[in-house]
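Close look at the chain arrangement
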Amino acid sequence: MATRPEFDVVGKDLWRVDGRQLATGKPAFTDDYPQQGMLVGKVLGSPHAHARIKSINTSAAKALPGVHAVLTYEDVPKAKGPIGRRADLFNRVPYTRAGQDYPEPSPWDFFLLDDKMRYVGDRVAAVAAETEEIAKEALKLIKVEYEVLPAVYTPEDALAEGAPVIHDEPDVLNVKDPQRNVCAGVDVTLGDLEKAYSESDEILEGHYYSQRVQHGQLELHVAISYMDEDDRLVVICSTQVPFHVRRQLSTALGLPVGKIRVIKPRVGGGFGGKQEMVLEDICAALTVASHRPVRLEMDRYEDLTAARSRHPMRFKIKTGVKKDGKLTAIDMRALVDAGAYGSHSPTVPTNTGNKNLPRYKCDNVHYEFNAVYTNLPIAGAMRGYGTPQGAFALECHMDDVAESVGMDPLEFRLKNTVRPGDKDYLSPHIYEIKGISDTTGEGWPIDTCGLEDCINQGAEAIGWHEKRKAYAEHNATNPVIRKGVGMVCLSQGSGVAGIDTANATVKLNEDGSVNLLIGAADIGTGGDTVIAQIVAEVLGTDLDNVMVIATDTDVVPFDSGAYASSTTYVSGNAALKAAEEVKASILKVAADMSGEPADQLNLKKHHVVADSGEPVLVEGQPLTLKEVAMKAMYGHDYKEQIEHTAHFVSPVSPPPFAAQFADIEVDTETGVINVIEFVSAVDAGTIINPELAAGQVDGAVSMGLGQALIEEMLFDENGYAMNKGLIDYKLFKAVGMPKLQTIFVETYEPSGPFGVKAVAEIPVNGPAPAVANALKHAISVRVHELPLSPERVLRALGKM
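Quick caveat: nothing in here was measured; it's all calculated off a predicted structure. (Residues numbered from 1 in each chain as written. Predicted model: local features only at pLDDT ≥ 70, side-chain atom pairs only at ≥ 80, totals over all residues. Heavy atoms only, no water.)

Some remarks on the side chain of arginine 413
Following the sequence through the fold, arginine 413 ends up in helix H11 (residues 409–416). Here tyrosine 360 takes part through its side chain, which lies 3.4 Å from a polar atom of the side chain of arginine 413. Filtering out sequence-adjacent residues up to four positions away, arginine 413 remains in contact with Tyr360, Glu395, Met398, Asp399, Arg419, Ile455, Met487, Val488, Cys489 and Asn773. (Helix = DSSP H or I, 4+ residues; strand = E, 2+ residues; numbered from the N terminus. Polar contact = N/O pair within 3.5 Å; in protein donor to acceptor, adjacent residues only side chain to side chain. Contact = heavy atoms within 4.5 Å.)

Spelled out as structure tokens, the structure:
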């Protein structure tokens, strides 16, 4: 692996570029930008999980003083053909709200408004009124007669013969098998599994379940829309994907892209839930209909039910292994609950396979998933993007495989996990976009991998070998309070290879300061800060000297958005290239000013220096960045601001790696698990800002522990959510967190800016299986379903 050089700005704990703005309470978020004459938008949700509107009467709502618009499916008339026809306001056209590059691989199975309801909370109508009270009253005045249809709440029921067809409309696109309620699926085999099983010394099968959880971000989904002075639609919204939202608004509303502007202010938490056009389309439609600015915000119950959640998945895994611990075959199958619409349902479970299975060296692998429509709320993107579900199943299973051949789980993983120079043979066969797949059998090389060091350093930090022995002795004589220590190995990706795209513009001002224009969407991760650090490093200046202008589709260049752990790797690479081009232009001018060859010059601490580090002198004085900028902008031979735009799309997605360790106690009389200590050892390449990166790890661990122990969306027999808010949807609180330790095992990824790989998602993948494996160590019984609730623990112990 390449050696990490020393840097001046990169690798330093520097303050966030937006820190002062946020700390002093200056306008930052969507709600901080109200518009004059702004109306309040509200959406009427369906009371039925599956129903068709027989009739709808909005006359009383429209007559209510203060109501300016009421929209129903009648304002989006059905088309005669598959594309749609012009109406007074809108076309009925299918689209996806998943925030992905065009053409989106997700099903185009959604309409602005429809006469069929597919889950409790599905859009029936929308209103815009002078006040929230009037808007709520208007919703009550809308009279709807429904034909209630049979509903299905599990993938198994949705696949059963005679099950109701959830998407029976003829104009949906990209659905695998709508008549069977199959939204998407993959089935790929490498090698010969049956032969491998026949040669195995042990064969294990396991079944696992990962539940539906929700993002629980602080800032709810919110949008403000208005028509500007040029009669263009402007949408200010809390989103991870502003450019995708702009394109999808164009499809949904029938407006040219050039007539739409999307502005993303600061985002109060996204975690994948805002990689989706959740409400921007209906908010904008209300503005088009009313000719007034409209604000639309979900309340917490709507956010829990009508926004997005993590895909629930059921797994079956069958593995063959030799007595010496060598893996011979892995067969992993996932049944996925997509919910009522197919947002991200082809790609999330693709990640479930290709971000988990390739970290284990095995020649014979089968991966299959089917994502199935149900009459429950829509599943979508969430931090980890399908990888946490697969990590829970696979890492629990690997512990049991190790036990079957009498091996320590850590030693088993050291024997079977990948190293630098190994290849990923599975991912090219199931990659999410056609044309990217490589079926030559060559595989994708793993150039950098610090997983072995992650395992060893994490084990030392948690005291693995000592605690495995000590806890076994403790548990033999303490039947009530049991102790356990568990570990997992993890992998993820850095952007989506060949797909995620970023552009960046860097320009030099007269005083030597730098403007950085990026479309990357900082969603609270510190993305703007680390990209600015990259630019500052290249240009030999301080972070304070780089002004970030971000995410206004009228102002900044295109960027795919904040998802797939792409911001630092993909957007950072675009900024790196633009900064390098600016640097080359600076050095050319400096060479003209100094008479020194440009290829023997560099930039450091706001000055032009020689390769030796000595300052370059002009008229006896050190040449500064400011003087070069002034010469370029006003000098007779130049008259040009130094400015460059660059783009980046990577042909690879270098995986970060991690090992995580959980130390727990469990009360066998109550079933309550207490996590005492949690260690994360992470290979994310070069760490641009260690403090920000550690914050990402800690936050991800908190989210993962919630999934492990307490979080679960529950529904009654009619499809109603039983979690009404954050009182009965439990999130991990700071006071409940264990002792955390983060270890960065730095490698140097040559394709990343200054050696970077991704860091933000991978730590969320491991807490659930690490705690589950520690629980198995403590009570000698495997709990196969999440969350690891007291009830499930007691049932496993035979006490319920």
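Remarks on the environment of valine 67
Mapped onto the elements of the fold, valine 67 is located in strand E3 (residues 67–71). Among the residues examined, valine 67 registers a relative accessible area of 14% and is labelled buried. The spacing of valine 67 and alanine 135 is 68 residues in sequence and 7.0 Å in space, taken between C-alpha atoms. Discounting chain neighbours no more than four positions away, the residues touching valine 67 are Ala61, Lys62, Ala128, Ala129, Ile134 and Ala138. (Buried < 20%, exposed > 50% of the residue type's maximum accessible area, 1.4 Å probe, protein only.)

What to know about the side chain of lysine 42
Structurally, lysine 42 is set in strand E1 (residues 39–45). Excluding its chain neighbours within four sequence positions, the residues that come into contact with lysine 42 are Ala125, Ala126, Val127, Glu132, Ala135, Lys136, Leu139, Leu296 and Glu297.

Structural notes on the pattern of salt bridges
Applying the stated criterion across every chain yields a total of 45 salt bridges. The shortest N-O distance in the salt bridge between aspartate 168 and lysine 116 comes to 3.1 Å. Of this pair, aspartate 168 sits in the loop between helix H4 (155–159) and strand E7 (182–190) while lysine 116 sits in strand E4 (residues 116–117), and the two are 52 residues apart along the sequence. The buried category is assigned to lysine 116, whose relative accessible area is 2%. Residue aspartate 683 is joined to lysine 757 by a salt bridge in which the shortest nitrogen-to-oxygen separation is 2.8 Å. Of this pair, aspartate 683 sits in strand E28 (residues 673–683) while lysine 757 is found in the loop between strand E29 (739–744) and helix H19 (767–779), placing the two residues 74 residues apart along the sequence. Residue classification places aspartate 683 among the buried positions, given a relative accessible area of 0%. What makes lysine 757 buried here is its relative accessible area of 3%. When salt bridges with common partners are traced through the structure, they connect Arg92, Asp114, Arg118, Glu169 and Asp171 into a single cluster. (Salt bridge = Lys/Arg side-chain N within 4 Å of Asp/Glu carboxyl O.)

Let's talk about the domain arrangement of the protein
Domain assignment breaks the protein into domain 1 (19–28 + 501–649), domain 2 (33–149 + 218–269 + 274–306) and domain 3 (313–496 + 652–796). Each of domain 2 and domain 3 has a C-alpha centre, and these two points are 37 Å apart. Contacts between the two partners involve 25 residues from domain 2 and, on the opposite side, 28 residues from domain 3. Of the roughly 2,100 Å² buried where domain 2 meets domain 3, counting both sides, 59% is carbon and sulfur surface. Here domain 2 is connected to domain 3 by zero salt bridges. (Domains from an automatic or database assignment. Buried area = accessible area lost by both parts, 1.4 Å probe.)

Looking at helix H13 (residues 451–462)
Spanning twelve residues, H13 covers 16 Å between terminal C-alpha atoms, matching the ideal 16 Å at 1.5 Å per step. Within the sequence span of H13, burial applies to Leu451, Cys454, Ile455, Gly458, Ala459 and Ile462. End-on, the buried residues of H13 take up no more than an arc of 120 degrees, which puts them together on one face. Where H13 is buried, its residues touch H11, helix H14 (464–477), strand E18 (481–491), strand E27 (657–667), E28 and E29. Immediately downstream of H13, the backbone of glycine 463 shows phi near 75 degrees, a positive value. (Expected span 1.5 Å × (residues − 1). Arc of directions from axis to C-beta.)

With respect to the pairing of strand E22 (residues 601–604)
Side chains of E22 alternate between two faces, with Leu601 and Leu603 buried and Asn602 and Lys604 left unburied. Sheet topology note: the E22/strand E23 (residues 607–610) ladder contains four bridges and is antiparallel. In the sheet register, leucine 601 faces E23, and the bridge partner there is alanine 610. Hairpin geometry of E22 and E23 is characterised by an intervening segment of two residues between the two adjacent antiparallel strands and by a positive phi of about 50 degrees at lysine 605. (Pairing = 2+ DSSP bridges.)

Side note on unusual backbone geometry
Cis peptide bonds are those with omega within 30 degrees of zero, and the linkage from tyrosine 102 to proline 103 qualifies with -10 degrees. For proline 103, the position within the fold is in the loop between E3 and E4. Between leucine 786 and proline 787 the backbone carries a cis peptide bond, its omega angle lying at -5 degrees. Of note, proline 787 is situated in the loop between H19 and helix H20 (790–796). With phi around 60 degrees, histidine 291 is a residue other than glycine that occupies positive phi space. Owing to a relative accessible area of 68%, histidine 291 belongs among the exposed residues under this scheme.

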